[in-house]
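What follows is each chain in one-letter form.
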Amino acid sequence: MQKLKLKPVALIALLALAVAGGAFWYVSAGKPGTPAVASAKVSAPKPALTVTAELAQTTRLPITLAANGNIAAWQEAVIGAESSGLRLTEVHANVGDVVKAGQLLATFSTDSVQADVAQARASLVEAQASALDAAANAERARSLQSSGALSTQQINQYLTLEKTAKARVEAAQAVLGAQQLRGRQTRVLAPDSGIISARNATVGAVVGSGAELFRMIRQGRLEWRAEVTSAELGRIQVGTPVSVMPASGGELRGKVRMVAPSVDPQTRAALVYVDLPSMTAGKASSARAGMFARGEFELGATDALTVPQRALVARDGFNYLFRLGQDNRVSQLKVQTGRLAGERVEVVSSLPPEARIVVSGAGFLNDGDLVRVVDATPEIEPNQPPALAASSPAAIKNGAAP
């Protein structure tokens, strides 16, 4: 019976302890500075990333017009054979040779030409002798005209023979001149200075009159024939500077020499002829006739608002910038880009000039992120002295001595 009476007493004791503990917790929770209050406090937000930022800058950017086209010779000269049926004995020029006006390029055999010249000279001497005899007879006939010793018919005959003899002399002189010209034509000379671009001359070949022996780029001048649409044609003027990049690499500077007076009705494009540096100017050039090239016409310059290219973030096919607010929170801005100038790019959409743009770390941010902004530190050069490299913050952090 005593054992059963102890159970309600223990129950009452446990209830009393529970009530006392709850009261103690309630009183303690209302006092500031207690562990319960400290755990209930909300911790401050932490930055998502450490970034660098800078203001958008106004930069003077050039206005260019891009085009494509082919590089061609300014003018080509075809050097052919003027004599017919002669054998080619010597060839003094090859493809790629730089020649001057009047330089000997090839020589034909002169044996048959010399024989023809000798024959024409002999015919001329014979005609001159006959002309002297006819002139003497005509002079005697004139002196006897008043005496009546000769009839009028005979006198006219002597005078006619004199004129005929003179005509034969002139004909013989013409034949001799033609044969001498053939002799000079056995030497093929360069009609102008330039570069030999093709050669068909072969030693021992017998060629006909007009056969092509050499092809030459006159004065070594090349030109870029750019194709420009009719809508852009009015922006180009004679003398406009041009930068041409051939397919082989490098860059050539030129100027517009002429704009085509007509537009192709099929493509609606016109040709713009740009003079390029001469190949004989002493500087090696990678440009060759027939090569494809792209270029840009320099049409002036304007002021533009630019940001570093590293600040641009490409997402879903669009470009974005992250603008830094007063509370170090970033807002994502969709922008449109324009011209490039080194490491900077033009922003053509509405962007306040005083806006601070996140540069490094922009690719890891989202709209509304909180960031910590630090000053940009210059990178260490690859050939920097070891002592200076060891004094960098990364080296000090790793335990290197400053």
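About the criteria used
- Residues numbered from 1 in each chain as written.
- Predicted model: local features only at pLDDT ≥ 70, side-chain atom pairs only at ≥ 80, totals over all residues.
- Heavy atoms only, no water.
- Helix = DSSP H or I, 4+ residues; strand = E, 2+ residues; numbered from the N terminus.
- Buried < 20%, exposed > 50% of the residue type's maximum accessible area, 1.4 Å probe, protein only.
- Contact = heavy atoms within 4.5 Å.
- Phe/Tyr/Trp six-rings, centres within 6.5 Å; stacked < 30°, edge-to-face > 60°.
- Lys NZ or Arg CZ within 6 Å of the ring centre and 35° of its normal.
- Axes fitted to C-alpha atoms, helices over the stretch in contact; angles between N-to-C directions.
- Parallel < 35°, antiparallel > 145°, perpendicular 65-115°, else oblique.
- Left-handed = near helix turned anticlockwise from the far one by under 90°.
- Nonpolar A, V, L, I, M, F, W, Y, C, P; charged D, E, K, R; others polar.
- Core = buried A, V, L, I, M, F, W, Y, C linked by side-chain atoms within 4.5 Å.
- pLDDT = per-residue confidence, 0-100.
- Pairing = 2+ DSSP bridges.

Participant: What should I look at first to understand the overall build of the chain in this one?
Facilitator: When its secondary structure is counted, the chain shows 6 helices and 23 strands. Among the 402 residues that make up the chain, the fraction classed as buried is 28%. Within the chain, counting contacts between residues at least 6 apart in sequence, those at least 24 apart form 74% of the total.

Participant: Please clarify how unusual backbone geometry should be interpreted in this entry.
Facilitator: Here Gln219, not a glycine, exhibits a phi torsion of approximately 60°, which is positive. Along the chain, Gln219 turns up in the loop between β11 (212-218) and β12 (222-229). The class of Gln219 is partly exposed, set by a relative accessible area of 32%. Here the phi dihedral of Asp316 falls at roughly 55°; this positive angle occurs in a residue that is not glycine. Relative to the helices and strands, Asp316 resides in the loop between β17 (313-315) and β18 (318-324).

Participant: Just checking my understanding: could you explain the packing of aromatic side chains for this structure?
Facilitator: In this description, an aromatic ring pair is defined by two values, namely the gap between the centres and the angle between the planes. By the definition in use, this model includes 1 aromatic pair. The ring centre of Trp74 lies 3.9 Å from the NZ or CZ of Arg221, which sits over that ring. Of note, Lys334 hangs over the ring of Phe318, and the distance from its end group to the ring centre comes to 3.6 Å.

Participant: Sorry, what's going on with the environment of Thr280 here?
Facilitator: By the secondary structure assignment, Thr280 is in the loop between β15 (269-275) and β16 (292-308). Separated by 85 residues in sequence, Thr280 and Ile195 have C-alpha atoms that sit 7.8 Å apart. Those residues in contact with Thr280 that lie beyond four places of it in its chain are Val98, Ile195, Gln219 and Gly220.

Participant: Which parts of the structure should I look at to understand the packing of helix α3 (residues 111-143) against helix α4 (residues 152-185)?
Facilitator: How two helices pack is summed up by the angle between their axes together with the distance between the axes. Relative orientation of the contacting elements α3 and α4 amounts to 160°, with a least axis distance of 7 Å. The angle between the axes of α3 and α4 places the two elements in the roughly antiparallel class. As α3 packs across α4, the resulting crossing turns out to be left-handed. Grouping the amino acids of the contact of α3 with α4 by side-chain chemistry returns 19 nonpolar, 8 polar and 7 charged.

Participant: Can you walk me through the nonpolar core in this structure?
Facilitator: For soluble globular proteins, nonpolar side chains are generally found buried alongside one another. Grouped together as the largest cluster of nonpolar side chains are 29 residues, with contacts concentrated most on Leu105, Phe108, Val188, Leu213 and Phe214. Top contributing element to this core by residue count: α3, with 7 residues. Here Phe108 is in contact with Ala81, Leu86, Arg87, Leu88, Thr89, Gln185, Thr186, Val188, Val207 and Leu213, once residues within four sequence places are set aside. Leu65, Ala67, Leu252 and Ala270 belong to the second largest nonpolar core, which has 22 residues in total.

Participant: Any chance you could explain the confidence of the model for the chain here in plain terms?
Facilitator: A residue-level look at the chain finds 81% of positions with pLDDT of 70 or above and a mean pLDDT of 81. Between the elements of the chain, mean pLDDT differs from a low of 35, seen in helix α5 (residues 386-390), to a high of 95, seen in strand β7 (residues 104-108). Low pLDDT, under 50, characterises residues 23-41; the predicted model gives this stretch 3 contacts beyond four residues in sequence or across chains. Taken as a whole, residues 378-402 scores under 50 in pLDDT and shows 10 contacts with residues more than four places along the chain or in a different chain.

Participant: Could you clarify how one ought to interpret the sheet that holds strand β4 (residues 76-80) in this entry?
Facilitator: Pairing between the strands of a sheet is mediated by backbone hydrogen bonds and can be parallel or antiparallel. An order of β4-β11-β9-β6 is seen for the 4 strands of this open sheet, with the pairing classed as antiparallel. One side of each edge strand has no neighbouring strand; the edge strands of this open sheet are β4 and β6 (98-99). Here 2 bridges tie β6 to strand β9 (residues 194-199), and the two strands are oriented antiparallel to one another. The residue bridging Val98 from the neighbouring strand is Ile195, located in β9.

Participant: I tried to follow the sheet that holds β7 on my own but got confused; where do I start?
Facilitator: Read across the open sheet, the 4 strands follow the order β8-β7-β5-β10; overall the sheet is antiparallel. For this open sheet the edge positions go to β8 (187-189) and β10 (206-207), each flanked by a neighbour on one side alone. When strand β5 (residues 86-91) meets β7, the two strands line up antiparallel, connected through 3 bridges. Bridging from a neighbouring strand, Val91 pairs with Ala106 of β7.

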